[in-house]
Every structure is written in C-alpha cells, then in structure tokens.
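Residues per chain, in single letters:
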Amino acid sequence: MGAYGNGKTTLTTELSRQLELPRTHGSAMRDPAGGSGKSLEDCTDPELIQLAVRRFTERVVDEARWSQGFVSDGSVLHEWVYTKVRLVLGRLPTASARLDVTPRPAVTAAYEEVTDQIGLLAQRYACDTYDVVVHLPADVPLPEGHRPISEHFRRVSDQLLLETLEACGVPFHVVTGSVQERVRRCRELIETWNA
C-alpha cells in the first residue's frame, strides 16, 4: 500500500516475479461508465465515486481468484482514500490543508458520507482478507512534469491509510529503501508469515 508514486508497481512486479505469485491491480481510474473518455483529473465528484466503486469491485473479484496467494499493487482501501482526500481537499491542496478541520459545503459532505460508507466495505474486506500488508511511504518525490496530485495530497493519503489500518487492526509493515532493499524486506516478511 501507499499513495500515488510511492513505488507500488515497481515493487509488486518484482515480488510477483521472484515469488511466482500472481500480481493483482485495479484498472486505470478513468473513463467513467456512461461518459466519453475522461481523465481522472477531469472527473466530477459523482464520477469519481463511481470509479472508486468500480475499482473496489474489480479488486475484490480479481483477488478472490487467487486463494493460494497473490501480490497486490495497492488495495481495496486506495480508491476510498483517494476519493475522500480529493473530495475534501482537492487534487492539489496547500501544505496546511487537513481532513479533520477543512469545512465541507453540504454537497461535499453528502458525497463524503457516501464515500465513507464505501470505505467501510473496503475496511471490512481488508481486515478479513489481507494477511501481510506492506506500506511504502512517500520517501521519493514525485517526478517532474505531470503531477496529478501534490506532495501534500500523498502525505495526507498515507496518513489516512495508516490510521485506517491501525483502527481495523490490520498488521502492517513500513518498508523503505531502494527497490532491492524493499524486495528483500518483503520477502523476509512473507517468509516469517509463512513459518
């Protein structure tokens, strides 16, 4: 787990290869049903919620296929976290923006309530399904150029992910370092869990 740009795809691709486990991931969050091709950045709030539900469903179905184990690029919590942070703070929040004190217009509060109900489903699924959870913090800056979110968005997302895992009682491990160091640490965690 980790916010956008934290290295999940690189790590899970390598782990999947080394461990010979299937790698699961959600489809790209774009092109809401019923509309024309649209980037995530251009989606309306209702479309954003629709995409989060679609990705949640895709992940649950895909992960259910691999009862002997899998490596997941992300988790069912990601779309809920992304949607909640974006609804409340926007894609590019200022460094001082916080989820707990930001005022919500009535329509945003309503969308957030719907999103949080979806989040409860995601949390329950994560608690019941995930055995070993690895969190990759935002320890490398986003690359220059196109930045669909800000660094602060990543930090707030990571904080919400970790708080949610703690509240659910899902054990997690924070893994940092180079790709090779992350792969080594993840392999150690999996071997310990399998012992």
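Note that the structure is predicted; figures quoted are calculated from it, not measured. (Residues numbered from 1 in each chain as written. Predicted model: local features only at pLDDT ≥ 70, side-chain atom pairs only at ≥ 80, totals over all residues. Heavy atoms only, no water.)

Bringing the environment of V132 into the picture now. Inspection of the secondary structure assignment puts V132 in the loop between α4 (106–129) and β3 (133–135). When the C-alpha atoms of V132 and H173 are compared, they prove to be 8.1 Å apart, with 41 residues separating the residues in sequence. Contacts of V132, omitting those with residues within four sequence positions, involve H173, L189 and W193. (Helix = DSSP H or I, 4+ residues; strand = E, 2+ residues; numbered from the N terminus. Contact = heavy atoms within 4.5 Å.)

For E144, the position within the fold is in the loop between β3 and α5 (151–168). Linking E144 and T192, residues 48 residues apart in sequence, is a C-alpha distance of 38 Å.

This next bit is on the state of the cysteines. As enumerated under the stated definition, the model contains zero disulfides in all. With no disulfide of its own, C168 lies 3.6 Å from the sulfur of C127, the closest cysteine sulfur. (Disulfide = S-S within 2.5 Å.)

Interhelical geometry of helix α3 (residues 76–89) versus α5 gives an angle of 130° and a closest axis separation of 10 Å. Compared by their axis directions, α3 and α5 come out oblique. Helix-helix and strand crossings are classified by hand; for α3 and α5 the assignment is right-handed. Taken together, the residues of α5 that come into contact with α3 (itself represented by L77, H78, W80, V81, Y82, K84, V85, R86 and L89) are F153, V156, S157, L160, L161, T164 and L165. Split by residue class, the contact of α3 with α5 holds 11 nonpolar, three polar and two charged. (Axes fitted to C-alpha atoms, helices over the stretch in contact; angles between N-to-C directions. Parallel < 35°, antiparallel > 145°, perpendicular 65-115°, else oblique. Left-handed = near helix turned anticlockwise from the far one by under 90°. Nonpolar A, V, L, I, M, F, W, Y, C, P; charged D, E, K, R; others polar.)

To continue, consider the pattern of salt bridges. What the rule picks out here adds up to 13 salt bridges. Between E14 and R17 there is a salt bridge, with the nearest N and O atoms lying 2.4 Å from each other. Remark: R17 and E14 occur in helix α1 (residues 8–19); sequence separation between them is three residues, near one turn of the helix. Its relative accessible area of 22% is what places E14 among the partly exposed residues. Two residues, E58 and R54, come together in a salt bridge whose shortest N-O distance is 3.9 Å. Of this pair, E58 and R54 both sit in helix α2 (residues 45–64), four residues apart, which is roughly one turn of that helix. According to the relative accessible area criterion, R54 is partly exposed, its value standing at 25%. Within this structure, K84, R104, E112 and D116 form a network of salt bridges that share partners. (Salt bridge = Lys/Arg side-chain N within 4 Å of Asp/Glu carboxyl O. Buried < 20%, exposed > 50% of the residue type's maximum accessible area, 1.4 Å probe, protein only.)

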